[in-house]
Amino acid sequence: MGRTGQVIPGGHLTMGIVFFYLSLLVLLPLSAFVLYASDMSGQDFIRQVTDYRMVHGYLLSFGCALAAAIINAVFGLLLAWVLVRYDFPGKRLMDGLIDLPFALPTAVAGIALTTLYVETGWLGRFFYQLGIPTAFSAVGITIALVFVGIPFVARSVQPVLKDLDGSLEEAAALLGAGKFLTFRKVILPELITPLVSGFALAFSRGIGEYGSVVFIAGNVPFETEIAPLLIMTKLEQFDYQAAAAVAIVMLAMSLLVLLVLNGYQRYRLQRQGA
Amino acid sequence: MEAVTKLAKPVAGSQSRFLKTETIVKWSLILTGAAFLVVMMILPLILIGVEALGKGWNAYLAALNEPFARKALWLTAEATVLSVVSNTIFGLAAAWLLTKFDFRGKTLLGSIIDLPFAVSPVVAGLFFIMLFGRLSPFYDTLQAYHIAVVFAVPGIVLATIFVTLPFIARSIIPVMEGQGRDEEEAAALMGASGWRIFWQITLPNIKWGLMYGIILCTARAMGEFGAVSVVSGHIRGKTNTLPLHIEILYNEYNFTAAFAVSSILVGLAVLVLILRNFVEWRMERKDDHEV
Amino acid sequence: MMKKWWKAASLALGLVAAAGLFAGCGDESAAGGEDGKAASEFLNVSYDPTRELYAEFNQVFTGEWKKASGQDIEFRQSNGGSGKQARSVIEGLEADVVTLALAYDVDEIAQAGLIEKDWLKKFPDNSAPYTSTIVFLVRKGNPKNIHDWDDLARDDVKIVTPNPKTSGGARWNYLAAWEYAREKFNGDEGQVKAFVKKLFQNVVALDSGARGATTSFVQRGQGDVLIAWENEALITLKDSPDYEIVAPSISILAEPSVAIVDKVVDKKGTRKVAEAYINYLYSPEGQEIAAKNFYRPRNKAVFEKYKQQFPELKLFTIDDKFGGWTKAQKEHFADGGTFDQIYKK
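The name given to chain B in an unreviewed UniProt entry is Sulfate transport system permease protein, and the organism recorded there is Selenomonas ruminantium. What UniProt states about chain B under its Function (unreviewed entry) heading is, verbatim, "Part of the ABC transporter complex CysAWTP (TC 3.A.1.6.1) involved in sulfate/thiosulfate import. Probably responsible for the translocation of the substrate across the membrane."

Per an unreviewed UniProt entry, the recorded name for chain A is Sulfate transport system permease protein CysT, and the organism is Selenomonas ruminantium. On record in UniProt, under Subunit (unreviewed entry), the comment for chain A is "The complex is composed of two ATP-binding proteins (CysA), two transmembrane proteins (CysT and CysW) and a solute-binding protein (CysP)." Per its UniProt entry, chain A bears the Subcellular location (unreviewed entry) comment "Membrane".

Now the structure itself:
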């Protein structure tokens, strides 16, 4: 590491820790899994993963995860902003609530949300009257994914917003820039990196989420059958290889999302540095 | 928290003609955020509370005092502490590596750190089953040394570490990135050791991010269900964590107890949050003294 | 000032880490030790609806075994979806006995080499000490006037049933409906399929497990009728008077299987306990416990005693009508089977 002209020490040590840890906990189990799936022939693999039912499952999972991530990006940014910039009664409570989706077991969240959003539930009653079937539909799946994803964006943006230097804004304000302009031109660019990273996390979490979704999804083939459920049905037939094949495809797709978004961040940083 | 609002205030005060619209904007933003939280989070919590106390306090306390529930609580605590500690060490190392150095494959490494988020928890559990279970090539070796990984406590800990792995690293990286390298580089040129740079320059700068990461990791580790469910084997009183115990109670149609135990998890989360607020408050006071 | 604070924090963190590592090692050696001590622990891996049955049975049998052998053994149970439980055993969960919903699941464990292939003949009555069947649970007063499988295919009826792909119990439901249609249409495959398709179009939600489906129907008020295990329906009735059971004209005899996991008991040295455990299930005392938990006992005398709790209906077995589980699984529930076909657009 020293040869690149770095003056900061610790490169070798941290590199060692990071590689050891990731190999042991991520790469080794992952390769054991991939190895298991690789026993099947390429043809079988393709046939398994391109089945119409599977494709429907991926599309549903991706669509709902995307919708949920967008909703979370908007509300996450809003929540982070409100919590960092304003003072109001109940602020601490609000701050604390944001992390709860992590602490609540996904199954409990799923059960509670389903109870709320079915036709007779506290909230479902209202939505069903408007003609929106909130349970056992794509809407329900999205609701569950919004719930599990809330903390990602808010918590990515919050620390950066908190550490943002106030002087730039002050300068902009003194120069006569309106509030909104200041936000768009001065603050938002700084927040893009954490926003994108939070969005990516919420999105990829949503694709794989099972525990909270399975209760509210309805699980009807070709309608509300999410991709992780398809993995479960494969396993239920003791077909490990098919399950692994589907899992690998989903994994590859989420990884791609993460790679693209991480690459984008790096590109932005480099541009900023230049 | 106060330090931050102090930063924001001059901006607000310097433009008094915007004050009125600003107040409107402020409160409409706050109310939108609050409404979102009420619908998505407070109502589910109220529901849990209502169900938990549905049969009165005695039923509630009885559910919490049951030996299986207590055993499950301990197992959850153990898995949580172990994964938070190991992921903190990893997260610091990873953030340091990714923000202070340039090397090829950096983007890939960043994505590998995020990978556990991209893996469906159920599949994450399967990873460890494939690696340590009976179908694994290492199974006979493990058996020979009487090491049980899956369907035992170590498997539960490993699965918990896996699903919470990115949290701390991900919370620190944006902050460290925002901070840049100038201070550390200057210190290094002046001859400060790596540890000293870390303790005296980097750590104080990233304390917020680190704190958030630890909170998130703790909360997620306590609540993890999918991956642990696959590797646990569901042996009552032995390999059941709190979330799994809740599932069992629910499947016994014992809804009151299920929601009562869920409310412990909510309570623990609240406890962690209070702790965080306390630490924040302490640190701000110290910062003010030093200034 | 700052520095001291962080030093203290890091020291604390380090200590916790060290403690954690020790705890981690401790676990592993403890797990090994338990293996070494052989017969102090006994694990019955079962499926969801038997929780209450085995909680009671284990308690009684602990005393019985202590009397018979003087050994103190802790009898533990693990419950979950039948298929998932079978998989856990295949993947290394050390079960002494399995008591699962379907013979098919036990066959899979036998395929993996953990159970001898002829397990079905090792105990009486196809290694199924108790049986159950599939009935309908409707809301009090039967407002939708549901009496037989026909009514489930009506346009105005909404059904709750678990997903046959993920729930063993749901497979019994599906096959019972299938056989009814086959008798009604004299085996005309096209009409049978159309009937089952119609029926499943009325399904509101396919929960992933039998207990989840019951919850959707009872707690959340979904649907007009729940297709359920008889024992599950009876448990619901016991807790709540707002429902009643409707027995269809014909249903399936569900035979939940029990088996000793040979590889595990030989390793742990628990074969004797395992045999005694299963034999006790067939004893009058064991049969009584099963009947009290709403399973139909095989023992005639015990069945007579509890007869009034079980509705009378015509029962067929899967061996007679579907040629056994392996065949039924392949035809109906494997990928591309009839269940997938009825959902194809």
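This brings us to the overall build of chain B. Along chain B, the regular secondary structure elements total 13 helices and 0 strands. In sequence order, chain B lays out its α and β elements as α-α-α-α-α-α-α-α-α-α-α-α-α. Counting only residues that meet the buried cut, chain B has 53% of its 291 residues in that class. Long-range pairs, those at least 24 residues apart, make up 77% of the contacts in chain B between residues at least 6 apart in sequence.

Further remarks concern the overall build of chain A. Assigned secondary structure in chain A consists of 13 helices and 0 strands. Each helix and strand of chain A, ordered N terminal to C terminal, gives the series α-α-α-α-α-α-α-α-α-α-α-α-α. Expressed as lengths along the three principal axes of its C-alpha atoms, the size of chain A is roughly 65 × 60 × 30 Å. Here chain A holds 274 residues, and 53% of them are scored as buried. Here the contacts in chain A between residues at least 6 apart in sequence split such that 77% fall between residues at least 24 apart.

Residues three or four positions apart in an α-helix share a direction because the helix packs 3.6 residues into each turn. Residues and elements named next belong to chain B. When the terminal C-alpha atoms of helix α5 (residues 106-118) are compared, their 18 Å separation across 13 residues agrees well with the 18 Å that a helix rising 1.5 Å per residue should span. Along its length, α5 reaches its greatest deviation from straightness, about 30 degrees, at Ile-112, and the proline Pro-116 lies no more than four positions downstream. Of the positions making up α5, those classed as buried are Gly-110, Ser-111, Ile-112, Ile-113, Asp-114, Leu-115, Pro-116, Phe-117 and Ala-118.

Our focus in this paragraph is unusual backbone geometry. Of note, the phi angle at Phe-151 of chain B is positive, near 60 degrees, even though the residue is not glycine. Of note in the backbone geometry, Asn-142 of chain C takes a positive phi value of approximately 45 degrees without being a glycine. Examined against the element boundaries, Asn-142 of chain C turns out to sit in the loop between β4 (130-139) and α6 (149-152). Look at Asn-142 of chain C and you get partly exposed, because 16 C-beta atoms sit within 10 Å.

Attention now goes to the interface of chain A and chain B. In this complex, chain A contributes 92 residues to the contact, which on the side of chain B involves 91 residues. Among the elements that make up the side of chain A that touches chain B, the one with the highest residue count is helix α1 (residues 11-37) of chain A (15 residues).

Quick look at the environment of Leu-137 of chain C now. By the secondary structure assignment, Leu-137 of chain C is in strand β4. The spacing of Leu-137 of chain C and Val-265 of chain C is 128 residues in sequence and 40 Å in space, taken between C-alpha atoms.

Residues and elements named next belong to chain A. Packing of helix α3 (residues 52-85) against helix α8 (residues 138-163) brings their axes to within 6 Å, and their N-to-C directions diverge by 40 degrees. Here α3 is positioned oblique relative to α8, judged by the angle of their axes. You can see that α3 and α8 cross each other, and the crossing is right-handed. Tallied by class, residues from the contact of α3 with α8 come to 24 nonpolar, 5 polar and 1 charged.

Once that is clear, we can look at the packing of helix α6 (residues 106-117) of chain A against helix α12 (residues 242-251) of chain B. Closest axis-to-axis distance for the α6 of chain A/α12 of chain B pair is 9 Å, and the angle between their directions is 40 degrees. In terms of their interaxial angle, α6 of chain A and α12 of chain B are classed as oblique. Facing Ala-107, Val-108 and Ile-111 of chain A of α6 of chain A, the residues of α12 of chain B in contact are Pro-243, Ile-246, Glu-247 and Tyr-250 of chain B.

This part takes up the UniProt feature "transmembrane region" (unreviewed entry) in chain A. Residue and element names in this part refer to chain A. Listed under "transmembrane region" (unreviewed entry) in the UniProt record, and renumbered for this structure, are residues 12-37, 58-84, 96-118, 130-154 and 240-261. Along residues 96-118 one finds 78% helix and 0% strand; the C-alpha atoms at either end are 28 Å apart. For residues 130-154, the end-to-end C-alpha separation is 30 Å, with 68% helix and 0% strand making up the annotated structure.

The next subject is the UniProt feature "transmembrane region" (unreviewed entry) in chain B. As recorded in UniProt, the feature "transmembrane region" (unreviewed entry) lies at residues 27-53, 73-99, 111-132, 144-169, 210-235 and 255-275 of chain B. Across residues 210-235 of chain B, the secondary structure splits into 81% helix and 0% strand, with the terminal C-alpha atoms separated by 35 Å.

For chain A, mean pLDDT is 83; residues scoring 70 or higher make up 96% of the total. The low-confidence segment residues 1-5 of chain A, where pLDDT is below 50, has 5 contacts with residues more than four positions distant or belonging to other chains.

In the numbering adopted here, UniProt assigns the feature "domain: ABC transmembrane type-1" (unreviewed entry) to residues 73-276 of chain B. Structurally, residues 73-276 of chain B is divided into 80% helix and 0% strand, and its ends, taken at the C-alpha atoms, are 21 Å apart.

Residues and elements named next belong to chain C. Pairing geometry for β4 and strand β9 (residues 250-254), over 2 bridges, is antiparallel. If you follow Ser-132 over to β9, its bridge partner there is Ala-254. Bridging between β9 and strand β12 (residues 314-316) involves 3 bridges; their strand directions are parallel. For Ile-250, the partnering residue across the bridge sits in β12 and is Lys-314.

In terms of nonpolar packing, the biggest core is built from 273 residues, with Ile-216 of chain A together with Val-261 of chain C touching the most fellow members. Setting aside chain neighbours within four positions, we find Ile-216 of chain A in contact with Gly-110, Leu-113, Thr-114, Tyr-117, Ala-135, Phe-136, Gly-140, Ile-141, Ile-143 and Ala-144 of chain A. Ala-187, Ala-188, Ile-197 and Phe-198 of chain B belong to the second-largest nonpolar core, a separate cluster that totals 5 residues.

A few words on the sheet that holds strand β1 (residues 41-47) of chain C. Residues and elements named next belong to chain C. Strand order in the open sheet formed by 4 strands is β2-β1-β3-β10, and the pairing between neighbours is mixed. On the outer flanks of this sheet lie β2 (74-80) and β10 (257-260), each paired with one strand and no other. The sheet shows a mean angle of 15 degrees between the axes of neighbouring strands, taken without regard to direction. Where β1 meets β2, 7 bridges bridge the pair, whose relative direction is parallel. Pairing of Ser-46 across the sheet is with Asn-79, part of β2. Helix-sheet contacts for helix α2 (residues 51-69) involve β1 and β2, and the interaxial angle to β2 is about 170 degrees. Contacting β3 (97-100) and β10, helix α4 (residues 103-111) crosses the sheet at an angle of about 150 degrees to β3.

Residues and elements named next belong to chain B. The pLDDT averaged across chain B works out to 83; a share of 89% of its residues lies at or above 70. The element-level mean pLDDT for chain B is lowest in helix α1 (residues 2-14), coming to 44, with helix α4 (residues 67-100) highest at 92. Counted against residues more than four places away or in other chains, residues 1-15, with its pLDDT under 50, gives 18 contacts. This complex was scored by the predictor with a pTM of 0.82 and an ipTM of 0.80.

All right, on to the pairing of β4 of chain C then. Residues and elements named next belong to chain C. Most of β4 sits out of view: 9 of its 10 residues are buried. Pairing geometry for β4 and strand β11 (residues 296-297), over 2 bridges, is antiparallel. Bridging from a neighbouring strand, Thr-131 pairs with Arg-296 of β11. Inspection of the sheet shows β4 paired to strand β7 (residues 225-229) by 5 bridges, in the antiparallel sense. Along β7, the bridge assignment pairs Val-135 with Ala-228. In this structure, β4 lies alongside strand β8 (residues 243-246), joined through 4 bridges in antiparallel fashion.

Analysis parameters
Residues numbered from 1 in each chain as written. Chains lettered and ligands numbered in written order. Predicted model: local features only at pLDDT ≥ 70, side-chain atom pairs only at ≥ 80, totals over all residues. UniProt positions renumbered as here; feature names shortened; annotations may be inferred. Helix = DSSP H or I, 4+ residues; strand = E, 2+ residues; numbered from the N terminus. Buried ≥ 20, exposed ≤ 12 C-beta atoms within 10 Å, placed from the backbone. Contact = placed C-beta atoms within 7 Å. Expected span 1.5 Å × (residues − 1). Bend = angle between axes of the 7 residues up to and from the residue. Axes fitted to C-alpha atoms, helices over the stretch in contact; angles between N-to-C directions. Parallel < 35°, antiparallel > 145°, perpendicular 65-115°, else oblique. Left-handed = near helix turned anticlockwise from the far one by under 90°. Nonpolar A, V, L, I, M, F, W, Y, C, P; charged D, E, K, R; others polar. pLDDT = per-residue confidence, 0-100. Pairing = 2+ DSSP bridges. Core = buried A, V, L, I, M, F, W, Y, C linked by C-beta atoms within 7 Å.

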